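For reference, the chains in residue letters:
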Amino acid sequence: PKSSYHYRNHRLPDNERSTFRNGLAQRMVVSPGVELYRVITPLDQFGNGNHIFGKYWFTHKALTQLRSLMQVNGCTFEEAARAKLAVNEVWNPKMSHLCKIRMQRLAFVWKGGARYQHKANTQKKVAYIGDAEQIYIPHISIAKANDQGDRPLSELATLIYNRPLEEVIRNGGW
């Protein structure tokens, strides 16, 4: 019989551990109904960009912190998210869309502060500071996820929206 817990592996792979501040992440279970966010560059016709159901997400708490940073510092949401989530331009060039999902099943995840990352093409002279709370969901993107069509599917979560950041900010539909 299939377990109600998805992905019971207790070990966080080293390459994923390195994305957390000081390599520290707490293993935890997220329950159905939990909502998480992700900023992406939509896939283009050549397959460049980010899949909606990628492995890295952030919490509503982190979303609130990013919005506050944007307002206090007069920066864009992209600048706030890139700095605090430490997202290099090579991985996510435009960060133009905000995705929101609702978990449908219990899932093991890892949670912790994002590790700093060097800005692309700066010979390590500039770094994104990171430290915003990030969630790593190991098998969301391979759980029969499908980024084609209007409603991408995953066994673990339902897509609530994938909208341009400008539209989300303008309409206040966070």
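No experiment lies behind these values; they were computed from the predicted model shown.

Rules used in this analysis
Residues numbered from 1 in each chain as written. Predicted model: local features only at pLDDT ≥ 70, side-chain atom pairs only at ≥ 80, totals over all residues. Heavy atoms only, no water. Helix = DSSP H or I, 4+ residues; strand = E, 2+ residues; numbered from the N terminus. Contact = heavy atoms within 4.5 Å. Expected span 1.5 Å × (residues − 1). Buried < 20%, exposed > 50% of the residue type's maximum accessible area, 1.4 Å probe, protein only. Arc of directions from axis to C-beta. Salt bridge = Lys/Arg side-chain N within 4 Å of Asp/Glu carboxyl O. pLDDT = per-residue confidence, 0-100. Phe/Tyr/Trp six-rings, centres within 6.5 Å; stacked < 30°, edge-to-face > 60°.

Caption draft 1: Representation of the environment of Leu63 in the model. Mapped onto the fold, Leu63 is located in helix α2 (residues 60-73). Along the chain, Leu63 and Glu133 lie 70 residues apart, while their C-alpha atoms are 9.4 Å from each other. In contact with Leu63, other than residues within four places in its own chain, are Tyr37, Phe58, Phe77 and Trp174.

Caption draft 2: Spotlight on α2. Here α2 is 14 residues long and its end C-alpha atoms lie 20 Å apart, about the 20 Å a rise of 1.5 Å per residue gives. Restricting attention to buried positions, one finds in α2 the residues Ala62, Leu63, Leu66 and Met70. Considered in projection along α2, the buried side chains sweep an arc of 105 degrees and stay on one side of the axis. Turned more than 90 degrees away from the buried face of α2 sit Lys61, Gln71 and Val72, all of them exposed. In this structure, the buried side of α2 is in contact with β2 (35-40), β3 (56-58), α3 (77-85), β8 (133-136) and α4 (165-171). Once α2 ends, the next one or two residues include Gly74, with phi positive near 65 degrees.

Caption draft 3: Geometry of the pattern of salt bridges. For the structure shown, the criterion picks out eight salt bridges. The salt bridge involving Glu155 is made with Arg105; its shortest N-O contact spans 3.9 Å. Residue Glu155 is located in the loop between β8 and β9 (157-164), and its partner Arg105 is located in the loop between β4 (97-103) and β5 (107-113); the two are separated by 50 residues in the primary sequence. Between Glu167 and Arg163 there is a salt bridge, with the nearest N and O atoms lying 3.4 Å from each other. With a relative accessible area of 26%, Glu167 lands in the partly exposed category. Overlapping salt bridges, with partners in common, bring together Glu35, Lys100 and Arg102 in one network.

Caption draft 4: Region of interest: the confidence of the model for the chain. Across the chain, the average pLDDT comes to 86, with 86% of residues at 70 or higher. For residues 1-7, every residue scores under 50 in pLDDT, and the model assigns this stretch 21 contacts once sequence neighbours within four places are set aside.

Caption draft 5: A look at the packing of aromatic side chains. Applying the stated criterion across every chain yields a total of five aromatic pairs. Aromatic side chains Phe53 and Trp57 sit 6.5 Å apart centroid to centroid with 50 degrees between the ring planes, which places their arrangement in the tilted category. Exposure class is identical for Phe53 and Trp57. Each is buried. Seen from their ring centres, Tyr56 and Tyr136 are 5.2 Å apart, and the 40 degrees between their planes marks the pair as tilted. Pair noted here: Tyr56 is in strand β3 and Tyr136 is in strand β8, with a separation of 80 residues, a long-range link. What makes Tyr56 partly exposed here is its relative accessible area of 23%. The class of Tyr136 is buried, set by a relative accessible area of 4%. Counting every residue linked through ring pairs, the aromatic cluster contains Tyr56, Trp110 and Tyr136.

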